[in-house]
Amino acid sequence: MKEIDEILLEVKEKLKASLPLEELIQLRNAYLLKKGKLQLLMGKMKDLSIEERKSFGKEINDAKAALEALFEEKIKEKEAQKLNEMLENEKVDITLPGVSHFSGYQNPFFKVQREIEEIFIGMGYEVANGPEVDKDHYVFELLNIPKNHPARDMQDTLYIDEETLLRSHTSAVQAHVMQNSNGKPIKIICPGKTYRRDDDDMTHSHQFAQVEGLVIDKNINLGNLKSTLELFAQKMFSKDAKVRFRSSFFPFTEPSVEVDVSCFNCHGRGCPICKGSGWIEILGAGMVNPNVLRMNGYDPDVYSGFAFGIGIERVAMLRYGINDIRKFYQNDIRFLSDFNKKVED
Amino acid sequence: MLVSLNEIKKVVDISDLTAEQIAERLTDAGVEVEDIKVESTATNLVIGQVLSCENHPESDHLHICKVDIGTDVLDIVCGAPNVRKGLKVIVALVGAKLPGGEIKKSVIRGQESNGMLCSLLELGVSESFLTEAQINGIEELKDDAKVGDKEVLKYLNLDDKILNLKVLANRSDCMSLHNVAREIAGLFKKEIKLPEFKDNANFKADFVTGSESENSKCFKARVFKNIKVKESPEWLKIALRREGIRSINNIVDIGNYAMLLTGQPVHMYDLDKLEKNELIVKDDFECEVVALDGKTYKVEKGDLVVTSNNKPACLAGVMGLECVEVNEESKNIVLEVASFNGTRVRKTSLRLGLSSDSSSRFIKGINIENQDYTMLLISNLMAELADAKEISETINYDVQNHEQKVISCNVDFINNLLGTDFSFEEIKDTLEALSFKVNGDKDEFKVTVPSYRIDVEGKADLAEEVIRYNGFDRIIPSLPVMETTTGGRSATDTKIKAIEDYLLNNGLNEIISYTLLNEKDSNSWNYLNKFEPYVILNPLTEDHKYVRRNLLKSMLNTVEYNLAHLNRNFGLFEIGNCETKEKNEIHLAVGLSGVKEGQELYKSIKYDVFDAKGILENILHMFNIADSRVKYDRIEGNEFHPYRSMNAYLDNKLFAVLGEVHPSVKEEFNFNKDACVLMEINLSRLFEAKTRNNKSNEISIYPRISRDYAFVISKDVNYSNIVKEIKKASSLIKGIKLFDLYEGEHIMKGFISIALTVECEKQEGTFTNDEITVIDNKIREIISTKLGAKIRG
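Residues numbered from 1 in each chain as written. Chains lettered and ligands numbered in written order. Predicted model: local features only at pLDDT ≥ 70, side-chain atom pairs only at ≥ 80, totals over all residues. Heavy atoms only, no water.

(A) Here's a closer look at the overall build of chain B. Within chain B, the secondary structure is distributed over 22 helices and 42 strands. On C-alpha atoms alone, chain B measures out to a radius of gyration of 42 Å, which is more than a quarter above the 28 Å that the 2.2 N^0.38 rule sets for 793 residues. Its C-alpha atoms give chain B principal-axis dimensions of roughly 125 × 80 × 60 Å. Across the 793 residues of chain B, 52% fall into the buried class. Residue pairs at least 24 apart in sequence account for 69% of intrachain contacts in chain B once pairs closer than 6 positions are excluded. As displayed, chain B has an accessible area near 38000 Å², and 47% of this comes from carbon and sulfur atoms. Across chain B, the centroid of the 101 positively charged side chains sits 5 Å from that of the 126 negatively charged ones. (Helix = DSSP H or I, 4+ residues; strand = E, 2+ residues; numbered from the N terminus. Rg over C-alpha atoms; globule rule 2.2 N^0.38 Å. Buried < 20%, exposed > 50% of the residue type's maximum accessible area, 1.4 Å probe, protein only. Contact = heavy atoms within 4.5 Å. Areas by Shrake-Rupley, 256 points an atom, 1.4 Å probe, with all protein chains shown as cover. Lys, Arg positive; Asp, Glu negative; His and termini not counted. Charge placed at Lys NZ, Arg CZ, Asp CG, Glu CD.)

Here it is in structure tokens:
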């Protein structure tokens, strides 16, 4: 029908221009709503024969669908355009810094302490604790260092009174644990602060910390100590780490050894860290002295054990190349911020 | 302990070994050689003779010398006052390296000089071993020096290698050259030949020795008459010099030399100065004495004193007394070879601050089977070097136990302890090489311990001998086989770790600080723990004298340090012990300074007391502790801001303090510009509190409804009261949340505008409008009537 074609043409013509969304909707209404132009054509229906009505009705409906599709397309286009404009207005500079949800730095002292703990917990060790102000009895006497024994000269101790002192080694916790274990097997580590009458300088500190280890059972031997420490060194320093024993003396162990770890930096070739030797001294250890076992309720003919003492700062200094022990206690945030990697390779 | 290899060579053939080889083997076996010393490192020396010596025309003290060095004649300018024609001298040639530097060809005030004439000082010999003339001038060589000889150090006896041993407390035997020689011989499987001495005693002295103290069980003496006190011969001086000991005279030197060789300290008395012909050890004196160093010392009961006629003659084992000193005029002397209990000597030595080569040997323990040998050694040296003609027999007081130490052992014990597979033969060979005697078989053998190895007491010690001798690479490494246990941390440690993680993940940095404080610091910031502090009896410095009772002071110092270094805007925390006689507590300190990131992008907000309070509340929530169990009140004092700080009580017990630092404190610390908030929590108290474990509760399937209220209220009404009152409106109120606080413009002074959301929830069914209206009206009534506030909008 001519009128219908005209309307379609008319609309197509109007939509060629880029109309704003509101006008588009108005226009659509003008053609498609009840009083719209297309609808008005329906009025002509009554003048037509039944046959004609059928085809006329179809024609009108087709035109309606065509118009609706035309408007739909244009409106969608416009809506998308509008959304885009809105989004563009919200544009940010993606190079601006993020809002901080900062995770704090941990003093490397605690990082290393925790790591040592985790390594030994993984091997089934319990973490024990003891007082920092302790009795002479536990710090010395039960560890085979009687009063006025020359071995006391090995460490200068800070005393509170004749019987009370700031522990000079975490070995004191050994005595506490043994006394409380009623002769049962023991597998513990005890990390903690220790104190000595020392001037503070780059390598000495009146306060420092150790992790003591103690294993007691039937059939514990020096080879067990070596394997245990080697496993520790491999976790702590490098996968291919080896340990070496050298004869030494501590009153509470017999035999006593100084333990060297193969240099994790040069892997034994020799470098400034290991002073060219390929080995780094990291801890003291040994088999628990029979006197210590006896004094603390273990029959040395039945039980044996090993003990070791690791210096926390020493390990941290080696691992991170820290050159001054005082840095741990200064807590300069610039220093702390060097240790922000939470899980290290 | 310095060990001259020349001395070792006298008793063990070590000609096939280098000093380095010996040092390495000793160190591996537990006798650590710290370093190898040489007496002189000088190179390029030759012996010369001064042919002519003329004064330098341009100088009042320089000389121009022509020096014959055998192959050449050199022009050398020399400033020594004693240089003269004919003198045999040490010449350092051009290119020689002396401790002071390299010798170069030079022109001194117009005169060419091709080398230097040297003193021993310039070769590196310590001043203390040289005479005044030797220090001020060049060395004057004896006639036997051969011109042209290039082995100058050898000629001067300065070519010895000296091992510097670090003797650990267990190896006191290594404080004797003979014993070190035994160790070296044992480790290298060599023979040792110690000198033997004939007894040259020729009379019986009218002299008595004895002891009235438990702590001295042996006192042997000999009397030497008509001796001559004089200079020691050169060989003795050199031997002592190598051990770092200065020569005094022949008598003192003999004593020192004998001690160095045998490890047995000895002492000499001037017989004619003794009140009586006796030396008796006593330990019940209280008096003052003047020791050989000229100083006065106070003797207390218990100190061992050697007496004659009940008058002190020696601080036994520590130092002799001036009144009976042997000097140049002495003619007749008494030699003491005794045993003094090490523990007792240590006590006296520590108290008097007086230690000597003798005391350190007694303290570590001596070989009681070596005393007669020492006596003979000295008797022979006395005859040889002091012309002693009358030498008495030994006056012998000895009630020591001379029983030999025998240890019963078996092969399995040693292998089980070491994780090794030594055979009986290996063990036997090892022990015998180290001078032990072994009898028996692998299942049981008896080991006789050599008398000088006082450290060897039991089977474990024997195991140590075996492993240190054969090397630790004999150990077969294997992990311990034990019953499986879970391991892990204690409950307390686990809680601490949880708090640590919470704080770290909220951007606070974990620090560690010193436990020991000075007096002033120790007495500040004590809120949670007011018990007496532990005080160090022997502090090294006043700065580290008191065991801290709080962590706040250290925290404040750390904040100060960082601000002073321009590190700004940070949160810090520390967890540590606060130990007092009454209680050991674990505390947590938090320090916040500057600004934090705000809610909106790039807006910074100053830290204030509510940041600390928020942390405290969150920690409480971590332990399921309801806010209602915590009460707060204001802190009195002048360290915290009096109106922006609080005590916190958990179940009515003080457990935390928090607040902004008082402006006057901030001024004192010079950081008044930056905000500073401190908090300390007694974690031990928190951990003691009853807490319920997590449990799932029924949650309503119906949505909550919420209503907002804004009102202006007097600042005298506490927020906690407001909440308490509003809650009374209905049991269906499940939450009250503050979302705005405002005071200032449009609000009367003394009043504040508060906006909050009230949330209600029902277990059964949704709320009807009526129900909501009832609750809403009730709340409005409470706000306006009970709380006296004016509802806005």
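(B) Structural context of the packing of helix α1 (residues 2-16) of chain A against helix α2 (residues 21-32) of chain A. All names here are of chain A. In contact at an axis separation of 12 Å, α1 and α2 are set at 175° when each is read in the N-to-C sense. Taken together, the axes of α1 and α2 lie roughly antiparallel to each other. Along the contact surface, α1 presents Ile-7, Glu-10, Val-11, Lys-14 and Leu-15, while α2 presents Leu-24, Leu-27 and Tyr-31. For the contact of α1 with α2, the per-class residue count stands at 6 nonpolar, no polar and 2 charged. (Axes fitted to C-alpha atoms, helices over the stretch in contact; angles between N-to-C directions. Parallel < 35°, antiparallel > 145°, perpendicular 65-115°, else oblique. Nonpolar A, V, L, I, M, F, W, Y, C, P; charged D, E, K, R; others polar.)

(C) Structural context of the domain arrangement of chain B. Residue and element names in this part refer to chain B. Domain parsing of chain B yields domain 1 (2-39 + 160-187), domain 2 (45-155), domain 3 (208-398), domain 4 (408-442 + 458-474), domain 5 (491-688) and domain 6 (705-791). A C-alpha centroid distance of 23 Å is found between domain 1 and domain 4. Between domain 1 and domain 4, the residue contacts involve 7 residues of the former and 5 residues of the latter. It is Arg-25, Ala-29 and Gly-186 in domain 1 that bury the most area against domain 4; as a group they hold 53% of the surface buried on that side. The salt bridge partner of Glu-183 is Arg-468, with a shortest N-O separation of 2.6 Å. At the junction of domain 1 and domain 4, the tally comes to 4 residue pairs in polar contact (both at pLDDT 80 or more). (Domains from an automatic or database assignment. Buried area = accessible area lost by both parts, 1.4 Å probe. Salt bridge = Lys/Arg side-chain N within 4 Å of Asp/Glu carboxyl O. Polar contact = N/O pair within 3.5 Å; in protein donor to acceptor, adjacent residues only side chain to side chain.)

(D) Expanded view of the sheet that holds strand β12 (residues 161-166) of chain B. Residues and elements named next belong to chain B. Pairing is antiparallel across the open sheet formed by 3 strands, whose spatial order is β1-β12-β2. Two strands lie at the open edges of the sheet, namely β1 (2-4) and β2 (32-38), each paired on one side alone. Across this sheet, the average inter-strand angle for adjacent strands is 30°, counted without regard to direction. Pairing geometry for β2 and β12, over 6 bridges, is antiparallel. Its bridge partner being in β12, Glu-32 is matched across the sheet by Lys-166. (Pairing = 2+ DSSP bridges.)

(E) Structural detail: the domain arrangement of chain A. Looking at the assigned domains, one finds that chain A contains domain 1 (2-89) and domain 2 (108-339). Averaged C-alpha coordinates put domain 1 of chain A and domain 2 of chain A at centres separated by 89 Å.

(F) Representation of the interface of chain A and chain B in the model. Facing 88 residues of chain A, the contacting portion of chain B comprises 79 residues. For the chain A and chain B pair, buried surface summed over both sides reaches about 7000 Å², with 55% attributable to carbon and sulfur atoms. The interface formed by chain A and chain B holds 6 salt bridges in total. Note that A:Glu117 and B:Lys497 form a salt bridge whose closest N and O atoms lie 4.0 Å from each other. Linking chain A with chain B are 39 residue pairs in polar contact (both at pLDDT 80 or more). Here the side of chain A that touches chain B gets 7 residues from one element, more than from any other, and that element is helix α8 (residues 222-236) of chain A.

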